[in-house]
Amino acid sequence: FFCQTVLIFRVTRSWTRPVMGKKPKQAGPKRTNKPSPLDRMIEAFSLVNLDGDELISREEFRKAMASIGIAEAVADQLFRRFDTDDTGELDKEEFFAYAAKGSGELRTLIRRGVLEVTEEDAEVDKVVEVFKAWDTDGDGNISRKELERVLVTLNPSFTKKDLDSVMKAADKDGNGVIDYTEFADWLKDSGRRPKGR
């Protein structure tokens, strides 16, 4: 009986010798890229499809883009790019093509909508407007969860690596949130590194 118990123990658990004063290390939860890109696409479709039918109208698309600070003209350009049958509505196939390809580099897309404004005061107002749209809880910071909401809308097939990359680029003080100054600097930064370094 003892040999069977030891054999079962060895099969079901890894046999590790405990170090005096230390507990054996247990494996943490496996990190995955959940939800899957398909789940994100379905989530994004339902977020944008306000009336619950199987089509996304140009107006629904504009409202979704406006909720994250994308200018109407930029939203219309994106919509036209993916409305391949030119019906003025995106069916699931067209929307999933949008979701799979993404809408382009996030900072460039936002900058296009913000920097089209010609007067400096209006540009600052637009940056504030976009920041407030992303800061859904109004605490003066964009959290990782708030940034994820923006990415789900703009690029539902994003990965954890994409989210980490944006956070790392924008959150300069590394405190886990993006404040207004960091956001404005991130938008203005071209993302280029000086040559020779």
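This structure is a prediction, so every number in the text was calculated from the model and none was measured. (Residues numbered from 1 in each chain as written. Predicted model: local features only at pLDDT ≥ 70, side-chain atom pairs only at ≥ 80, totals over all residues. Heavy atoms only, no water.)

S.K.: Break down the confidence of the model for the protein for me, citing the residues and quoting the values.
M.R.: With 67% of its residues at a pLDDT of 70 or more, the protein has an overall mean of 75. Note that pLDDT drops below 50 for residues 22-32; the model gives that stretch 1 contact with residues more than four away or on any other chain. (pLDDT = per-residue confidence, 0-100. Contact = heavy atoms within 4.5 Å.)

S.K.: Requested: an account of the nonpolar core, with residues and values cited.
M.R.: One finds Phe61, Met65, Phe95, Trp134, Leu147 and Phe183 to be the most contacted residues of the largest nonpolar core, which totals 39 residues. At the level of secondary structure, the elements contributing two or more residues to this core comprise α2 (37-48), α3 (58-66), α4 (72-82), α5 (92-101), α7 (120-134), α8 (144-154), α9 (160-170) and α10 (180-188). The contacts of Met65, once residues within four sequence positions are left out, are Ile70, Ala75, Leu78, Tyr98, Thr153 and Leu154. (Core = buried A, V, L, I, M, F, W, Y, C linked by side-chain atoms within 4.5 Å. Buried < 20%, exposed > 50% of the residue type's maximum accessible area, 1.4 Å probe, protein only. Helix = DSSP H or I, 4+ residues; strand = E, 2+ residues; numbered from the N terminus.)

S.K.: Quick one: what's the story with unusual backbone geometry, residue by residue and with numbers?
M.R.: Notably, Asp86 is not glycine yet its phi reads approximately 55 degrees, a positive angle. Counting through the fold element by element, Asp86 comes out in the loop between α4 and β2 (89-90). The exposure class of Asp86 is exposed, given its relative accessible area of 65%.

S.K.: Residue-level account of the packing of aromatic side chains, with values.
M.R.: This structure, assessed with the given rule, holds 9 aromatic pairs. Aromatic side chains Phe131 and Tyr180 sit 5.5 Å apart centroid to centroid with 85 degrees between the ring planes, which places their arrangement in the edge-to-face category. Linking Phe131 in helix α7 with Tyr180 in helix α10, this pair joins segments that are 49 residues apart in sequence. The buried category is assigned to Phe131, whose relative accessible area is 6%. By the ring-pair criterion, three or more aromatic residues cluster together here, those being Phe131, Trp134, Tyr180, Phe183 and Trp186. (Phe/Tyr/Trp six-rings, centres within 6.5 Å; stacked < 30°, edge-to-face > 60°.)

S.K.: Could you give me a rundown of α3, with the residues and numbers involved?
M.R.: Buried residues of α3: Glu60, Phe61, Ala64 and Met65, and no others. The arc enclosing the buried residues of α3, seen along the axis, measures out at 135 degrees, which places them on a common side. (Arc of directions from axis to C-beta.)

S.K.: Give me the lowdown on the packing of α3 against α4, citing residues and values where you can.
M.R.: At their nearest, the axes of α3 and α4 sit 9 Å apart, and the two run at 130 degrees to each other. Comparing the axis directions of α3 and α4 gives the class oblique. Between α3 and α4 lies a crossing whose hand is right-handed. Contact residues: Arg58, Phe61, Arg62 and Met65 in α3; Glu72, Ala75, Asp76, Leu78, Phe79 and Arg80 in α4. Here the contact of α3 with α4 is built from residues that sort into 5 nonpolar, no polar and 5 charged. (Axes fitted to C-alpha atoms, helices over the stretch in contact; angles between N-to-C directions. Parallel < 35°, antiparallel > 145°, perpendicular 65-115°, else oblique. Left-handed = near helix turned anticlockwise from the far one by under 90°. Nonpolar A, V, L, I, M, F, W, Y, C, P; charged D, E, K, R; others polar.)

S.K.: Any details on the pattern of salt bridges? Residues and values, ideally.
M.R.: Oppositely charged side chains may form a pair once their charged atoms are brought near each other. Considering all chains together, one arrives at 7 salt bridges under this definition. Taking the shortest distance from any N to any O, the salt bridge between Arg62 and Glu59 comes out at 3.4 Å. A residue pair is termed a helical-turn pair when its members lie 3 or 4 positions apart in one helix, as Arg62 and Glu59 do in helix α3 at 3 residues. Its relative accessible area of 21% is what places Arg62 among the partly exposed residues. For Glu59, a relative accessible area of 41% translates into the label partly exposed. (Salt bridge = Lys/Arg side-chain N within 4 Å of Asp/Glu carboxyl O.)

S.K.: Got a sec to walk through α9? Specific residues and values, please.
M.R.: Owing to its 3.6 residues per turn, the α-helix aligns residues three or four sequence positions apart on the same side. Every buried residue of α9 is listed here: Leu163, Val166, Met167 and Ala170. Around the axis of α9, the buried residues are gathered within 100 degrees of arc, so they sit on the same side. Residues Lys161 and Lys168 are exposed on α9 and point more than 90 degrees away from its buried face.

S.K.: So what's going on with the packing of α8 against α9? Residues and values would help.
M.R.: How two helices sit against one another is set out by the angle between their axes and by the gap between those axes. Where α8 contacts α9, the axes come no closer than 11 Å and their chain directions differ by 120 degrees. It follows from the interaxial angle that α8 and α9 lie oblique. Note that α8 runs across α9; the crossing there is right-handed. From α8, Arg144, Leu147, Glu148 and Leu151 reach across to α9, where they touch Lys160, Leu163, Asp164, Val166 and Met167. For the contact of α8 with α9, a count of residues per class yields 5 nonpolar, no polar and 4 charged.

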